[in-house]
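# Structure at a glance
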Amino acid sequence: MTITIQLGPITTPRENFVAECDLPDGGWADNAWEAVDEESGATTPAQIDVARRSPRASWHVKELAPGEKRSYELRPASAAETRGVSLRDQPENGRIVVYYGGLLQTIYHYGLPNYRPYFWPNVAPSGRPDSGVGTTDGSQPKSITDDGPPDHTWHRSLWYACGDLNGVDFYLEPAAMQEGYGTHVGTGYGRIVHQAFDWLVSGPVWGGFQQRAQWVAPDGAILLDDVRLFRMYRLRGRLRLWDIEARFTPHHGAVTFGQTNENALPLMRVADIIDEWDGGTITNSNGDTGSPACHGQRAEWVDVSGPFTRATGRDAEIFGIAMLDHPSNRNHPNARFVRGYGPVGTNLPYFDGALTLQPGETWTLRHRLYVHQQHVAEANVAARFDEYANPVPATLL
């Protein structure tokens, strides 16, 4: 079975991205696929999935100019692509290990004894070809986020949490940074408890999962049903791009996300080596720089970049990470929580007022993470937001 898909047109240039197209139901065997550029004849691995019930095709596109249309033939491939994004669930350890091109990319920690699920490490594709365990330049790949730093031990790299959900603290943890430091509300610590994975997908173009979890109070009461999505894309070059999504629905009665700065909706704790206090630069989509100027400002994206790998006699490698706010999010663009020591994210209830969800009401949060070389301008963070906000149209011919 083959099918032709037309891509474009668009109004802004795009490069190094994943195109997607919904397909008709039926006839899509679970085998290898490829997309063929009908003009150049170039082929690239394609992926067909039914993770969201209706079939969808995905494939990598090198570039697309404004106003350009390009047609692709989607057809079975003679052999499966061996490299891509692969997921390995380890239920005995309560984690999913994500590999990118065969190398560790991230681990999603979802099981006990964790108080809430989180991603760590989040590996930046740093490292020089001549670097190794026996060299002194220290430039091998490492995480661009930190987990459990001593100043805020409950900062979990990249995660969701709430410091006051119906009077229960789902943000802090018992192992605090000093004795006597306890919950800000209530008398115990809430947990976000894993229930099941609806699907896990590995493939040459993207890999990801959908998880169901519940927010459970210390007395066992279930306050919130939580559906998480994660998708990481296989692109070209030294960058990483992935989407996270959370859908919050009251389990029984109404729930209120309190107006507190102790929220992670979501939040990332950037690595100390690139945070503002250690020489990094914080920039938002409005052109503001520095944590005082960026904190509380509504912005489509916020980026933290800085010298990531350093060695005597060598130029530092600059890497950064940006969090992009999807236009469909409530009150987009959201005000940003930004501090010079590392936390960066969105916190709608803190800046816009407590948020109450009635039974049957769902609050969806969609964000994209972009790990890149160089600073904001060279990494073209603004173009990555445009790509996220305005996907390239795809039409079946």
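Below: a short report on this structure. (Residues numbered from 1 in each chain as written. Predicted model: local features only at pLDDT ≥ 70, side-chain atom pairs only at ≥ 80, totals over all residues. Heavy atoms only, no water.)

### Some remarks on the overall build of the chain
- Looking only at helices and strands, one finds 4 helices and 27 strands in the chain.
- For a compact globule of 397 residues, the expected C-alpha radius of gyration is about 21 Å, and the chain comes in at 21 Å, within 12% of that figure.
- Taken along the three principal axes of its C-alpha coordinates, the chain extends 65 × 60 × 40 Å.
- Within the chain, buried positions represent 54% of all 397 residues.
- Contacts in the chain between residues far apart in sequence, at least 24 positions, make up 64% of those at least 6 positions apart.
- Carbon together with sulfur atoms contributes 48% to the accessible area of the chain, which is approximately 16500 Å² in total.
- Distance between charge centroids for the chain: 3 Å, based on 34 positive and 47 negative side chains. (Helix = DSSP H or I, 4+ residues; strand = E, 2+ residues; numbered from the N terminus. Rg over C-alpha atoms; globule rule 2.2 N^0.38 Å. Buried < 20%, exposed > 50% of the residue type's maximum accessible area, 1.4 Å probe, protein only. Contact = heavy atoms within 4.5 Å. Areas by Shrake-Rupley, 256 points an atom, 1.4 Å probe, with all protein chains shown as cover. Lys, Arg positive; Asp, Glu negative; His and termini not counted. Charge placed at Lys NZ, Arg CZ, Asp CG, Glu CD.)

### Regarding the sheet that holds strand β27 (residues 394–396)
- With antiparallel pairing, the 7 strands of this open sheet are ordered in space as β2-β5-β4-β3-β6-β1-β27. Here the strands that pair on one side only, and so sit at the sheet edges, are β2 (14–22) and β27. On average, each strand axis in the sheet is inclined to that of its neighbour by 30 degrees, with strand direction left out of account.
- Pairing analysis gives 4 bridges linking strand β4 (residues 43–49) to strand β5 (residues 56–64), with the strands arranged antiparallel. In the sheet register, D49 faces β5, and the bridge partner there is R56. (Pairing = 2+ DSSP bridges. Axes fitted to C-alpha atoms, helices over the stretch in contact; angles between N-to-C directions.)

### Let's talk about empty space enclosed by the protein
- Counted according to the given criterion, the structure contains 2 cavities of 30 Å³ or more.
- Roughly 60 Å³ of internal volume is contained in the largest cavity.
- If you go around the largest cavity, the residues you meet are L265, D325, N329, R330, N334, T346, N347, L348, W363, L365 and H367.
- Considering every element that reaches the lining of the largest cavity, the biggest residue donor is strand β26 (residues 363–373), with 3 residues.
- Looking at the lining of the largest cavity residue by residue, the class counts come to 4 nonpolar, 5 polar and 2 charged.
- The calculated volume of the second largest cavity comes to roughly 40 Å³.
- Surrounding the second largest cavity, Y108, F119, Y160, F209, R228, L229, I244 and E245 form its lining.
- Among the secondary structure elements, those contributing two or more residues to the lining of the second largest cavity are β16 (222–233) and β17 (240–250). (1 Å grid on protein atoms, 1.4 Å probe; cavity = no way out; pocket = protein on both sides within 12 Å on 5 of 7 lines; lining within 4 Å. Points joined across faces, edges and corners; volume = space filled by probe spheres on them. Nonpolar A, V, L, I, M, F, W, Y, C, P; charged D, E, K, R; others polar.)

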